[in-house]
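Residue-level structure breakdown
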Amino acid sequence: VSVVDRTDGSLGTIGRLSHIASWAAFLAAFIGAISDSGVGRVCATVALTLIAVAPLARVALLVTRWRRIGDLVFCALGAGLLTVVGAGALIAAMRG
Amino acid sequence: MNWAEFALSLLTACVGSLGGLGGAILLVPLLVITGTPPRSAAPLGLVSVASGSLAAAERHLREQTVNHRLGVATELIASTGAVVGAIASGLAGDRLLTVVLAAVALAAALLGGRRKGIRNLPDPRLGPEDIGEHVGTLAGVYPLGDGYVPYRAERLAVASTLFASAGLLAGLAGASGGFIKTPTTSEVMKVPVRVAAATTTFTVGVTAAAGLLVYALQGRVDARAAATVCCGSLIGGRLGASIQSRLSPVGVRRVVSVLLVVVAVALTAKAVKQ
């Protein structure tokens, strides 16, 4: 019989963080889209940073959670995913 | 604000989030048609996918339809294929790749479209305490109406090969591959289509985020246009997830099949122009 990893606790935290990141990104993106000033550019950069970092942070939080509850196989797979994605991004950036 | 970019990104992110298809494969050609230079359109496609994924996350987590273990395991295989594909990009002709992607999208549409009824039915022995992912496995239980549906990913060897191929093709073609991942998860691994779509929406966000970082480092992201696309996609992603939760599994599967046919037609048209 498998143990159920209930989708509350840390996953509830991920949901709340996603909610905050989503609204913060929307507000920043909206200001960035309507304003051509320096403030607008900063807000646009903040929005892009939020949407790029959020999914990777979600995987990192999952890896931490799975390590804590002893699900080491999936903890390793999550760490592997972050490594592959990071390596891929690095290779692509170096190739220009 | 460029209202055409806003409207297109809202529409494609809605469609992408609804069917777990990403949406960039529709947005990028539409942006190019409406005057965005191709070099700028590709990063905007990734902005749209990452935004739509983030917007849909809250609802998918609340409704407990996303299976993170399944997503991480399949995305690891697909990402490895994508990295190899990206490194090897240029070896295959653009036209051949586009035709192959169109054929894959059409085959996936037929595979899902010809199936009748609901495969994964609620189990009356299960209750709300059973909802969640099963530790150490690619199985779980998700709520559907008043019932609770158990599922377990099957045919892992075949699916792994398909995910690696999807990643490779996506890397070669510069797409997120969501339109291959959702049908593979649903039709090959026998995972309920709503779980498949929600899980793929999560994984394409990871892929898009990594690609977006690369484009940002290369200075290829137009911040103002990206902010506009981000705005539209955040609304569209939320809207798509909301519509998905109101549809039955059969309804979601039909929508996915129709969207895959649209993707296949768009890709064929692109191949003809190349």
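Residues numbered from 1 in each chain as written. Chains lettered and ligands numbered in written order. Predicted model: local features only at pLDDT ≥ 70, side-chain atom pairs only at ≥ 80, totals over all residues. Heavy atoms only, no water.

**A closer look at the packing of helix H2 (residues 38-68) of chain A against helix H4 (residues 68-87) of chain B**
Which entries qualify depends on this criterion: Axis geometry follows a simple rule: fit a line to the C-alpha atoms, using only the stretch in contact for helices, then measure angles between N-to-C directions, giving values from 0 to 180 degrees. Each helix is a run of H or I in the DSSP string that is no shorter than four residues. Each strand is a run of E no shorter than two, and both are numbered from the N terminus. Roughly parallel here means an angle under 35 degrees, roughly antiparallel means over 145, roughly perpendicular means 65 to 115, and every remaining angle is called oblique. Two helices that cross are described as forming a left-handed crossing if the nearer one is turned anticlockwise from the farther one by less than a right angle, and a right-handed crossing if clockwise. Two residues form a contact once any of their heavy atoms are found within 4.5 Å.
Relative orientation of the contacting elements H2(A) and H4(B) amounts to 115 degrees, with a least axis distance of 12 Å. Here H2(A) lies roughly perpendicular to H4(B), going by the angle between them. In the packing of H2(A) onto H4(B), the handedness of the crossing is left-handed. Touching Arg58(A), Leu62(A) and Trp66(A) of H2(A) are His68(B), Arg69(B) and Val72(B), all from H4(B).

**Details of the packing of aromatic side chains**
Centre-to-centre distance and the angle between the planes together describe a pair of aromatic rings. Filter applied, for reference: Here the aromatic set is Phe, Tyr and Trp, taking the six-membered ring for Trp, and pairing holds for ring centres within 6.5 Å; pairs whose planes are under 30 degrees apart are stacked, those over 60 apart are edge-to-face, and all others are tilted. Each residue's exposure class comes from its accessible area (1.4 Å probe, protein chains only) as a fraction of the maximum for that residue type: buried when under 20%, exposed when over 50%, partly exposed otherwise.
One pass over the structure, following the stated rule, counts five aromatic pairs over all chains. The interplanar angle of 70 degrees and the centroid separation of 6.1 Å between the aromatic rings of Trp66(A) and Phe74(A) together place this pair among those described as edge-to-face. Summarising the burial analysis for this pair, Trp66(A) and Phe74(A) share the class buried. Centre to centre, the rings of Trp3(B) and Phe6(B) are 5.5 Å apart; their planes meet at 80 degrees, and the pair counts as edge-to-face. Taken together, the positions of Trp3(B) and Phe6(B), both in helix H1 (residues 3-19) and three residues apart, correspond to about one turn of that helix. These aromatic residues form a ring-pair network of at least three members: Trp23(A), Phe26(A) and Phe30(A).

**Comments concerning the side chain of Ser53(B)**
All names here are of chain B. Mapped onto the elements, Ser 53 comes out in helix H3 (residues 38-62). Accessibility expressed as a relative area gives 6% for Ser 53, which makes it buried. Residues in contact with Ser 53, not counting those within four places in the same chain, are Thr 201, Phe 202 and Gly 205.

**Considerations on the interface of chain A and chain B**
This is how the line gets drawn: Accessible area that two parts lose when put together, with a 1.4 Å probe and added across both, is what the buried area reports. Criterion for a salt bridge: a side-chain nitrogen of Lys or Arg within 4 Å of a carboxyl oxygen of Asp or Glu. Any N or O atom pair separated by 3.5 Å or less is treated as a polar contact, with the protein-specific requirement of one donor-capable and one acceptor-capable atom, and with residues adjacent in sequence counted only for side-chain atom pairs. For two strands to be treated as a pair, DSSP must find no fewer than two bridges joining them.
Each partner contributes to the interface: chain A provides 51 residues, whereas chain B provides 56 residues. Interface of chain A and chain B: buried area, both sides summed, is about 4600 Å²; carbon and sulfur atoms make up 72% of it. Seen at the junction of chain A and chain B, the total is two salt bridges. With a closest N to O distance of 3.9 Å, Arg224(B) and Asp36(A) form a salt bridge. For the pair chain A and chain B, the interface holds six residue pairs in polar contact (both at pLDDT 80 or more). For the side of chain A that touches chain B, the element with the most residues is helix H1 (residues 10-34) of chain A, which contributes 15 residues. Sheet topology places strand S1 (residues 4-5) of chain A next to strand S1 (residues 132-134) of chain B; two bridges connect them, and they run antiparallel.

**Quick notes on the environment of Phe202(B)**
With respect to the helices and strands, the residue Phe202(B) is situated in helix H8 (residues 193-217). Sequence separation between Phe202(B) and Leu54(B) is 148 residues, and the spatial gap between their C-alpha atoms is 7.9 Å. In this structure, Phe202(B) is in contact with Arg58(A), Val59(A), Leu62(A), Ser53(B), Val66(B), His68(B), Gly71(B) and Val72(B), ignoring residues within four places of it in sequence.

**Looking at the confidence of the model for chain B**
All names here are of chain B. Put simply, the rule is: Across the chain, each position has a pLDDT score giving the predictor's confidence in that residue, from 0 to 100.
The share of residues in chain B with pLDDT of 70 or more is 96%, and the mean pLDDT across the chain is 85. Helix H5 (residues 94-113) is the least confidently modelled element of chain B, averaging 78 in pLDDT, while strand S3 (residues 147-152) averages 94, the highest of any element. Model confidence for the complex: the whole-complex pTM is 0.88, and ipTM, which rates the interface, is 0.89.

**Focus on unusual backbone geometry**
Residues and elements named next belong to chain B. Of note, Gln 64 is a non-glycine position whose phi angle comes to about 55 degrees, a positive value. Among the secondary structure elements, Gln 64 is positioned in the loop between H3 and H4. Backbone geometry at Arg 155 places phi at a positive 45 degrees, although glycine is not the residue there. Here Arg 155 is to be found in the loop between S3 and helix H6 (156-173).

**Brief notes about the pattern of salt bridges**
Under the counting rule described, the total for this entry stands at nine salt bridges over all chains. The salt bridge involving Glu58(B) is made with Arg238(B); its shortest N-O contact spans 3.4 Å. One end of the pair, Glu58(B), is in helix H3; the other, Arg238(B), is in helix H9 (residues 223-246), with 180 residues separating them in the sequence. Judged by relative accessible area, Glu58(B) falls into the buried class, the value being 16%. Judged by its relative accessible area of 28%, Arg238(B) is partly exposed. Of the charged contacts, one joins Glu63(B) and Arg194(B) as a salt bridge, the two residues approaching to 3.8 Å between their closest N and O atoms. Pair noted here: Glu63(B) is in the loop between H3 and H4 and Arg194(B) is in helix H8, with a separation of 131 residues, a long-range link. Each of the two residues, Glu63(B) as well as Arg194(B), counts as buried. Ionic contacts of the salt-bridge type, sharing partners, join the residues Asp71(A), Arg69(B) and Glu133(B) into one network.

**Quick word on the packing of H2(A) against helix H3 (residues 72-95) of chain A**
Residue and element names in this part refer to chain A. What counts, and what does not: Residues are sorted three ways: Asp, Glu, Lys and Arg are charged, Ala, Val, Leu, Ile, Met, Phe, Trp, Tyr, Cys and Pro are nonpolar, and all the rest, Gly among them, are polar.
Relative to each other, H2 and H3 sit at 155 degrees, their axes nearing to 8 Å. Classed by the angle they form, the pair H2 and H3 counts as roughly antiparallel. For the pair H2 and H3, the crossing hand works out as left-handed. Across from Leu 56, Val 59, Ala 60, Val 63, Trp 66 and Arg 67 in H2, the residues of H3 making contact are Leu 72, Phe 74, Cys 75, Gly 78, Ala 79, Leu 81, Leu 82 and Val 85. Its residues placed into classes, the contact of H2 with H3 shows 12 nonpolar, one polar and one charged.

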